[in-house]
Amino acid sequence: MLNMNREMVNWQGLERVDFPPYTATSIIRQGKAYMIQQGYDFYQGKQVSVMPLKAVKSVIGDIELSYETEE
C-alpha cells in the first residue's frame, strides 16, 4: 500500500508514478550504489529492492513523487 508519507520505495512504486520499467529498476540499482557508498553494506544483497526515499531522491533529484493511496 502506498501513501504520501512513504519512507521506503521499490521499483513497483516508481512504476506507479509513471517511470518506465527499465528506468525504475535503474533508479533502484543506482540507489543501491548510493547506499553502499554511504556505508550501508546491507544493500549489496542481490534481492534487496527497497530503498529509502532519500536514496531515490539522490538519483532523480529532489522532485516530488506523488503516490496515490490504494484501497
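Read on for an overview of the structure. (Residues numbered from 1 in each chain as written. Predicted model: local features only at pLDDT ≥ 70, side-chain atom pairs only at ≥ 80, totals over all residues. Heavy atoms only, no water.)

Helix and strand counts for the chain come out as 3 helices and 2 strands. Listed N to C, the secondary structure of the chain is β-α-α-β-α in terms of helices and strands. Restricting to contacts in the chain with at least 6 residues of sequence separation, those with at least 24 account for 54%. For the chain, the accessible surface area stands at approximately 5,000 Å², while carbon and sulfur atoms represent 49% of it. (Helix = DSSP H or I, 4+ residues; strand = E, 2+ residues; numbered from the N terminus. Contact = heavy atoms within 4.5 Å. Areas by Shrake-Rupley, 256 points an atom, 1.4 Å probe, with all protein chains shown as cover.)

Count 3.6 residues to each turn of an α-helix, and residues three or four apart come out pointing the same way. Here helix 2 (residues 21-37) contains 17 residues, and its C-alpha end-to-end distance of 25 Å stays within 8% of the 24 Å for a straight helix at 1.5 Å per residue. For helix 2, the set of buried residues is Ala24, Ser26, Ile27, Ile28, Gly31, Lys32 and Met35. Buried-residue contacts for helix 2 involve strand 1 (8-10), helix 1 (11-16), strand 2 (50-52) and helix 3 (53-60). Gly39, located one to two residues past helix 2, shows a positive phi value of around 100°. (Expected span 1.5 Å × (residues − 1). Buried < 20%, exposed > 50% of the residue type's maximum accessible area, 1.4 Å probe, protein only.)

Here we come to the side chain of Lys32. Mapped onto the fold, Lys32 is located in helix 2. The buried charged residue Lys32 lacks any salt bridge partner; its closest oppositely charged side chain belongs to Asp41, at an N-O distance of 12 Å. From its side chain, Lys32 meets the backbone oxygen of Val48 in a polar contact 3.2 Å long. (Lys, Arg positive; Asp, Glu negative; His and termini not counted. Salt bridge = Lys/Arg side-chain N within 4 Å of Asp/Glu carboxyl O. Polar contact = N/O pair within 3.5 Å; in protein donor to acceptor, adjacent residues only side chain to side chain.)

Glancing now at helix 3. Within the sequence span of helix 3, burial applies to Leu53, Ala55 and Val56. Down the axis of helix 3, the buried set is contained in an arc of 160°. They therefore lie on one face. Looking at the buried residues of helix 3, the elements they touch are strand 1, helix 1, helix 2 and strand 2. Immediately downstream of helix 3, the backbone of Gly61 shows phi near 95°, a positive value. (Arc of directions from axis to C-beta.)

It is worth spelling out unusual backbone geometry at this point. The phi dihedral of Asp18 is positive, around 75°, even though this residue is not glycine. Topologically, Asp18 is positioned in the loop between helix 1 and helix 2.

Moving on, we come to the packing of aromatic side chains. One pass over the full model with this rule turns up 1 aromatic pair. Both rings, one in Phe42 and one in Tyr43, keep their centres 5.2 Å apart while their planes meet at 80°; by these two values the pair is edge-to-face. (Phe/Tyr/Trp six-rings, centres within 6.5 Å; stacked < 30°, edge-to-face > 60°.)

With that settled, the discussion passes to the environment of Val48. Locating Val48 in the fold gives a position in the loop between helix 2 and strand 2. Relative accessible area serves as the criterion here: at 15%, Val48 is assigned to the buried category. Sequence-distant contacts of Val48, defined by excluding residues within four places in its chain, comprise Lys32, Phe42 and Tyr43.

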